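# A structural walkthrough
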Protein chains: 2
Amino acid sequence: MSEQAPKSAAEATPKRNTWQKDAVRHALSEATGFVSAQQLHSVLRNHGSTIGLATVYRTLTDLIKSGDADSLQSQEGELLYRACGTAHHHHLICRVCGRTVEIEADKVESWAENVAKEHGFSNTSHTIDIFGTCSACLS
Amino acid sequence: MSEQAPKSAAEATPKRNTWQKDAVRHALSEATGFVSAQQLHSVLRNHGSTIGLATVYRTLTDLIKSGDADSLQSQEGELLYRACGTAHHHHLICRVCGRTVEIEADKVESWAENVAKEHGFSNTSHTIDIFGTCSACLS
DNA sequence: ACCGTATTGACTATCATTATCAATAAGGTA
DNA sequence: TACCTTATTGATAATGATAGTCAATACGGT
């Protein structure tokens, strides 16, 4: 509630590099589509890592904050993560096999922005995800 | 694991009417915007009802299944419910005060459908929600 | 009024995620 | 290189939302 250290710019957390963070980053980038924190943890353990579950969660949260990862909630309420470039995009997800297709949706992007503006909302963000059954899983 | 009663058509649950179900339905329709199951339960209790939490969850789940209510997940992962007419629509939600505006989005509706089709997905559904800060909460 | 059973409610179980805290190690310094 | 400060880790407990259990209750047809 008071002015303390005049932290220069957005520099407040003197991060350290650890093999754990690299491991999570790497495992996430290897994964295809979205993975849950628990899945990532299992995978890492199966590969011989001794990383802790809490650390996986922590690292994932950091990656989201830094914009290096993307997350969405599965319909069962589980949080799913995905390594992510810088571009903002959405996903088309197969309900059966989990296959994910990235969608670029400039139109919808601006539509969302406009709708919000029309109603006097600012500082907007949105959630757009499409679920369906992919052709391979249809049979 | 075996064939038992050959339940005729989709008629398997001979619902009964109880004051509890009415209470939930009513409380839900009174609520403005989205409410969580726990909130509804509190409200009902505060109004003197002795309804159980489990019953609130059960009724809400039934309302969703029967299409009489709508649900979405808050960004904290909590499920929020809302009494809902038949029309499919989306929401613009104020991050600060929770005010909700219904959006009709035919364009986006069909866009989602098309994108899915283009990628060979069928039986699609989607999640589209816009979050922002409403004008009243801006100051 | 009576009876069969769907429904209730208190409680427990589950499951994902977060908080706790002592032990460890990253990385700057003498 | 040895040392020291403290960010980070990991095992585990805590939390919080939701689902399951089961005996007691009450709906609704007779």
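Before going into details, it helps to say that this report is about the structure given with it. (Residues numbered from 1 in each chain as written. Chains lettered and ligands numbered in written order. Predicted model: local features only at pLDDT ≥ 70, side-chain atom pairs only at ≥ 80, totals over all residues. Heavy atoms only, no water.)

The environment of DNA strand C is made up of 23 residues, and the closest members are Tyr57(A), Leu79(A), Gln20(B), Thr55(B) and Arg58(B). Contact distances for DNA strand C include 3.2 Å between a phosphate oxygen and a side-chain N or O atom of Arg45(B). Contact between DNA strand C and Arg58(B): a base nitrogen at 2.5 Å from a side-chain N or O atom of the residue. Within the residue set of the surface near DNA strand C, elements represented by two or more residues are helix H3 (53-65) of chain A together with helix H1 (19-30) and helix H3 (53-65) of chain B. The greatest single-element share of the surface near DNA strand C, amounting to four residues, is contributed by H3(A). Taken together, the residues that form the surface near DNA strand C break down as eight nonpolar, seven polar and eight charged. (Near = heavy atom within 4 Å. Polar contact = N/O pair within 3.5 Å; in protein donor to acceptor, adjacent residues only side chain to side chain. Helix = DSSP H or I, 4+ residues; strand = E, 2+ residues; numbered from the N terminus. Nonpolar A, V, L, I, M, F, W, Y, C, P; charged D, E, K, R; others polar.)

Residue and element names in this part refer to chain B. Within strand S4 (residues 90-94), five of the five residues are buried, which leaves it mostly tucked inside the rest of the structure. Here S4 shows two buried faces, one formed by His90, Leu92 and Cys94 and the other by His91 and Ile93. As judged from the four bridges shared by S4 and strand S5 (residues 100-103), these two strands associate in the antiparallel manner. Residue pairing across strands places His90 opposite Ile103, the latter belonging to S5. (Buried < 20%, exposed > 50% of the residue type's maximum accessible area, 1.4 Å probe, protein only. Pairing = 2+ DSSP bridges.)

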